[in-house]
Amino acid sequence: MAAGDVTSELMKAMRADMNRIADKLDRMEAELQSIRGHVATLVQSDLYRGNEVGRLTSRVERIGRRLDLHDPAI
């Protein structure tokens, strides 16, 4: 086999490896984008729940004041 043939075969193999790497990178980028979307949804959900807890806490405190309820001293 001539040196040119060996080089050509080596280049073909390297090109095939690079194509597999590029394909894998594309799949990983798609998965990462999906994960980012899920994380954003979780953050929004957490913020909403935090706001709801704050709102409910305010309501309970207001009800406690209206009923003149007091926590016993510890």
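It should be noted that the structure appears before, not after, this text.
Rules and cut-offs
Residues numbered from 1 in each chain as written. Predicted model: local features only at pLDDT ≥ 70, side-chain atom pairs only at ≥ 80, totals over all residues. Heavy atoms only, no water. Helix = DSSP H or I, 4+ residues; strand = E, 2+ residues; numbered from the N terminus. Rg over C-alpha atoms; globule rule 2.2 N^0.38 Å. Buried < 20%, exposed > 50% of the residue type's maximum accessible area, 1.4 Å probe, protein only. Patch = residues over 30% accessible without salt bridge, like charges linked within 9 Å, V, L, I, M, F, W, Y side chains within 5 Å. Areas by Shrake-Rupley, 256 points an atom, 1.4 Å probe, with all protein chains shown as cover. Salt bridge = Lys/Arg side-chain N within 4 Å of Asp/Glu carboxyl O. Lys, Arg positive; Asp, Glu negative; His and termini not counted. Charge placed at Lys NZ, Arg CZ, Asp CG, Glu CD. Expected span 1.5 Å × (residues − 1).

S.K.: Report on the overall build of the protein, specifying residues and quantitative values.
M.R.: When you go through the protein residue by residue, the secondary structure sums to one helix and zero strands. Taken over the C-alpha trace, the protein has a radius of gyration of 31 Å; the compact-globule value for 74 residues is 11 Å, which it surpasses by more than 25%. Overall, the C-alpha framework of the protein stretches about 95 × 25 × 5 Å when taken along its three principal axes. Residues counted as buried form 1% of the 74 residues belonging to the protein.

S.K.: So what's going on with a positive patch on the surface? Residues and values would help.
M.R.: On the surface, a cluster of positive charge is contributed by Arg-59, Arg-62, Arg-65 and Arg-66. Looking at the secondary structure, you find Arg-66 in helix α1 (residues 3-66). We classify Arg-66 as exposed; its relative accessible area is 69%.

S.K.: Can you lay out α1 for me, pointing to particular residues and giving the numbers?
M.R.: Helix length check: α1, at 64 residues, gives a terminal C-alpha distance of 93 Å against a target of 94 Å (1.5 Å per residue), a fit within 8%. Remark: Asp-68 follows α1 within two positions and exhibits a positive phi of approximately 55 degrees.

S.K.: Describe unusual backbone geometry, naming the residues involved and giving the relevant values.
M.R.: Despite not being glycine, Asp-68 has its phi angle at roughly 55 degrees, a positive value. Mapped onto the secondary structure, Asp-68 falls in the segment after α1.

S.K.: So what about the pattern of salt bridges? Which residues, and what values?
M.R.: Under the defined criterion, the tally for this structure stands at three salt bridges. For the salt bridge of Arg-20 with Asp-17, the shortest nitrogen-to-oxygen distance reads 2.1 Å. Of this pair, Arg-20 and Asp-17 both sit in helix α1, three residues apart, which is roughly one turn of that helix. The exposed category is assigned to Arg-20, whose relative accessible area is 53%. Note on Asp-17: relative accessible area 37%, which makes it partly exposed. A salt bridge links Glu-52 to Arg-55; the nearest nitrogen and oxygen atoms lie 2.8 Å apart. A residue pair is termed a helical-turn pair when its members lie 3 or 4 positions apart in one helix, as Glu-52 and Arg-55 do in helix α1 at three residues. By relative accessible area, Glu-52 is classed as partly exposed at 23%.

Functional significance is not addressed by these values, which are geometric in nature.
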